Amino acid sequence: MKNINVKKIVEEEEDYDETSSFPVSPTGQYFTSSVMSISVICVLESEIPIDDSCTITLLKDVFVPINPRFSSIMVKDKNGVKQWKKVEVKHKDHINVPIFPQGKSKEFYDNCFNEYLTKISMEQFPQSRPLWEIHIFKYPTTKSAGNLVFKLHHSLGDGFSLMGALLSCLQRADNPSLPLTFPSFTSNNNNYNHNLESDYKKRLCTNVVQRVNGVVNTFLDFGWSLMKSTNLEDERTSIRSGDEGVEFRPIDITTMEFSLDHLKVIKSNLKVTINDVICGVLFLGVRLYMEEMKYDQKNANSTALVLLNTRNIAGYKSVKEMLQPKNESKWGNQFAFLHVSLPKIDKEESSTNPLSFVFKAQDVIQRKRNSAAVILTGKLLDTLQKYKGPEVTAKYIHNTLKNSSMTISNMIGPVEKMALANHPVKSLYFMVVGVPESLTITMMSYMGKLRVAVGTEKGLIDPQKFKCSIENAFDRIFKAAVPSASSKPSN
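Everything numeric in this text was worked out from a predicted model, so none of it was measured.

Conventions used here
Residues numbered from 1 in each chain as written. Predicted model: local features only at pLDDT ≥ 70, side-chain atom pairs only at ≥ 80, totals over all residues. Heavy atoms only, no water. pLDDT = per-residue confidence, 0-100. Helix = DSSP H or I, 4+ residues; strand = E, 2+ residues; numbered from the N terminus. Contact = heavy atoms within 4.5 Å. Salt bridge = Lys/Arg side-chain N within 4 Å of Asp/Glu carboxyl O. Buried < 20%, exposed > 50% of the residue type's maximum accessible area, 1.4 Å probe, protein only. Pairing = 2+ DSSP bridges. Axes fitted to C-alpha atoms, helices over the stretch in contact; angles between N-to-C directions. Core = buried A, V, L, I, M, F, W, Y, C linked by side-chain atoms within 4.5 Å. Phe/Tyr/Trp six-rings, centres within 6.5 Å; stacked < 30°, edge-to-face > 60°. Arc of directions from axis to C-beta. Polar contact = N/O pair within 3.5 Å; in protein donor to acceptor, adjacent residues only side chain to side chain. Parallel < 35°, antiparallel > 145°, perpendicular 65-115°, else oblique. Nonpolar A, V, L, I, M, F, W, Y, C, P; charged D, E, K, R; others polar.

Residues of the protein chain with pLDDT of at least 70 account for 82%, and the chain-wide mean is 84. When mean pLDDT is taken per element in the protein chain, strand β7 (residues 132–137) scores highest with 98 and strand β1 (residues 2–3) scores lowest with 40. Low pLDDT, under 50, characterises residues 185–197; the predicted model gives this stretch 33 contacts beyond four residues in sequence or across chains. This stretch, residues 310–333, has a pLDDT under 50; its non-local contacts, to residues over four places away or in other chains, come to 88 contacts.

Take the pattern of salt bridges next. The tally for this structure, following the rule as stated, stands at 16 salt bridges. Here D221 ties to R367 by a salt bridge, and the two come within 2.8 Å at their closest N and O atoms. Here R367 lies in helix α11 (residues 355–369) and D221 lies in helix α6 (residues 208–228), a separation of 146 residues in the sequence. For R367, a relative accessible area of 33% corresponds to the partly exposed category. For R249, the salt bridge identified is with D243, shortest N-O distance 2.9 Å. Given a relative accessible area of 22%, D243 falls into the partly exposed group.

Let us look at the side chain of T407. Mapped onto the elements, T407 comes out in strand β14 (residues 406–412). Residues in contact with T407, not counting those within four places in the same chain, are L305, L307, L401, E437, L439, T440 and I441.

We now examine the environment of G146. As for its placement among the helices and strands, G146 is situated in strand β8 (residues 146–153). We classify G146 as buried; its relative accessible area is 0%. The sequence separation of G146 and L44 amounts to 102 residues, and the corresponding C-alpha distance is 8.6 Å. Apart from residues lying up to four places away in sequence, G146 is in contact with L44, E45, S46, I48, I50, F137 and Y139.

Quick look at the sheet that holds strand β16 (residues 423–433) now. The mixed open sheet is built from seven strands, whose spatial order is β6-β7-β8-β3-β16-β15-β9. Among the strands making up the open sheet, the edge pair consists of β6 (95–96) and β9 (171–172). Pairing of β7 with β8 involves six bridges; the strand directions are antiparallel. In the strand pairing of β8, H135 is matched with V149. Along the sheet, helix α3 (residues 106–122) contacts β3 (39–46), β6, β7, β8 and β16; its crossing angle with β8, the most-contacted strand, is approximately 10°.

With antiparallel pairing, three strands are arranged side by side in an open sheet as β2-β5-β4. Single-partner strands in this sheet number two, and they are β2 (21–23) and β4 (72–76). Strand-to-strand twist of the sheet, defined as the mean angle between neighbouring strand axes without regard to direction, takes the value 35°. Of the pairings in the sheet, the one linking β4 to strand β5 (residues 82–86) comprises five bridges and is antiparallel in character. Residue pairing across strands places V75 opposite Q83, the latter belonging to β5.

A few words now on the nonpolar core. Of all hydrophobic cores here, the largest spans 55 residues; its most connected members are L44, F63, W132 and F150. Sequence-distant contacts of L44, defined by excluding residues within four places in its chain, comprise G146, N147, L148, F150, L170, L420, V425, S427 and L428. One finds L342, A361, F466 and V482 within the second-largest nonpolar core, a separate group that totals 50 residues.

With respect to burial, strand β11 (residues 251–259) is a largely interior element, eight of its nine residues being buried. Across nine bridges, the pairing between β11 and strand β18 (residues 449–457) is antiparallel. Counted as the bridge partner of M256 is V452 from β18.

Note on aromatic pairs: each is described by the distance of the centres and the angle between the planes. For the coordinates displayed, the defined rule picks out 12 aromatic pairs. Seen from their ring centres, F100 and F137 are 5.6 Å apart, and the 55° between their planes marks the pair as tilted. Here F100 is found in the loop between β6 and α3, whereas its partner F137 is found in strand β7, with 37 residues between them in sequence. With a centroid separation of 5.4 Å and 75° between ring planes, the pair formed by F108 and Y109 is classed as edge-to-face.

What follows is about helix α7 (residues 260–270). Every buried residue of α7 is accounted for by L260, H262, L263, I266 and L270. All buried residues of α7 lie within an arc of 160° about the axis, which places them on one face of the element. The secondary structure elements touched by the buried residues of α7 are β11, α8 (274–293), α11, β17 (439–446), β18 and α14 (463–481). At the N-terminal end of α7, a side-chain oxygen is found 3.2 Å from the backbone nitrogen of D261, two or three residues along, and the residue is S259. Positive phi shows up at K271, right after α7, with a value of about 55°.

Unusually for a residue other than glycine, N422 sits at a positive phi of about 65°. Phi angles above zero are rare outside glycine, and M447 is one such case at about 55°. Turning to its location among the elements, M447 is positioned in the loop between β17 and β18. When its relative accessible area of 34% is taken as the criterion, M447 is described as partly exposed.

Where α7 contacts α8, the axes come no closer than 9 Å and their chain directions differ by 105°. On the basis of their axis angle, the class for α7 and α8 is roughly perpendicular. The segment α7 lies against α8, with L263, K264, I266 and K267 engaging I274, V277 and I278. Within the contact of α7 with α8, the residues separate by chemical class into five nonpolar, no polar and two charged.

Okay, structure coming up:
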C-alpha cells in the first residue's frame, strides 16, 4: 500500500496572480466548445443523516482554495482565446438542497434521488459563476442515510485531478490524523493504465519481433481510430441510438457493486489482470443485454472507448503536488481514448464458455498495448488545435464519442473508510454526463468493493435489465473460473 496525504490544502499555481487571468487548457476549451459540454457527477453516500450547517465553511476554507479554477469563470480575451478569470465566489449560489415530501418510504426517496440525478445531469452551468456546484439530498434511501453530490465541469480537470480535489476534503474515519491509503499502481505488464509513451519506447527496444508487431499494430489501430472518428459509425442497436443531440437527452444512472476479493480470485485462477476480468464481465454483459433485447443484433459491430490516464505516476498525489509545474502527475486533463471492439458471441459461447470473454479482453488489451496509436492520436489533436483551432478539434472528439457505442472509465479509491465533516462515507461513485453516447460505464473502488455506475439513455436502454445482464455475466464468469463456488457469490 502507498501512503498519500490527501488532507493538506494546496498552494496556488505558480505565477498565478489573484487579480489576473490565466489560459484555459486546450482540453478545457474542447469541453466548453459549441459542440460539447461535459461534466462529472460524484456521489458520496453518507452513513448518517446529513447535517449541512457547516457547508459554507467547508466550501470557503477547504474546497474553493484547492485550485484557482474553483474561484474563476471562463471568459474570452480580445483575441477570442478563453481565459480563467478570478471572481468573488458566492458560496450560497453553488449549494442546492432539494425539497421532497417528508415521511415517505426509502423506496420513494430512491425514485426521487434517481430523478434528481437525471435532472441535474441535463442542466448546464451558468457562465456567470465558477463551474461547480454541490447538491445535498437529505432523505434516506435504501442505500444511504443521505447523499452529497458534487457536480464539476470537465474543463476544471480530469477524473484523476477532480478525485484528488475531493479527497483533499475527506479524512480517514477511524483516525483523521492518518493519511488515506490506496492500492499501489504498478508499472509492469499487468497494468495498461500507465504512461503510454515512455512504456512504448522501452518495449520497442526489447526485440525485433515486438518492434515489427508494434509498428504494424500502431498503423492499423491509428487508421481504424481515424476512421471511427470521421465516417465509420457503430451500428444502431439496443445500446446506441446514434441520434444527433443524444447528449441532451435524459439519462438513468444505475449502480451495482462487486467484491474485489472475488475479482482477484478470478484473476489468480485465470492468470490474467483485474482489468482483463472487469472488461470481460462488461463485454459479456453488454452482449447478453443486446441478445435479450434484439437477438439479431447480438453481434452488431460495437466499439467501447476506454479512457486511459496518461500520467507517469505511482498513485494519487496531494493536490499541492499536482499543481507543481514540474510534477509528472500534473493537475488538468491528461487522458486518452482507446478504441476497443466488443468481442462477439459465438454460438452457445456465453453459456458454455463465458471465460472466453475474459481471454478475448486480455488479447485485445495486450495488442493495443503493443501499439502507439494513442500517442499518434494525441499528436493529431495537437496539430488540429494548432492549425484549425479548438472548435474543430472539439468536433473531432465529439465525433469520436458519437460514432462509438459506449465509454468505460475507472478510478481507484481509498482502502479505509472516509469521512466528510464527521459524516462517514458508506460508498461513492461517479458519472460523466453530457457525452454524445447512449451508454456510459464508470467504476470506482472503495473499501474492498468495486462500484459500477451505468448511465443509460432513457427510452432506449432498460436500466434494470442492463444491470441484471452485467450481474449475470459476472456470475457466469465467477462460477466458470472458480468451480468450487457452488452458489452465487455475495457482493
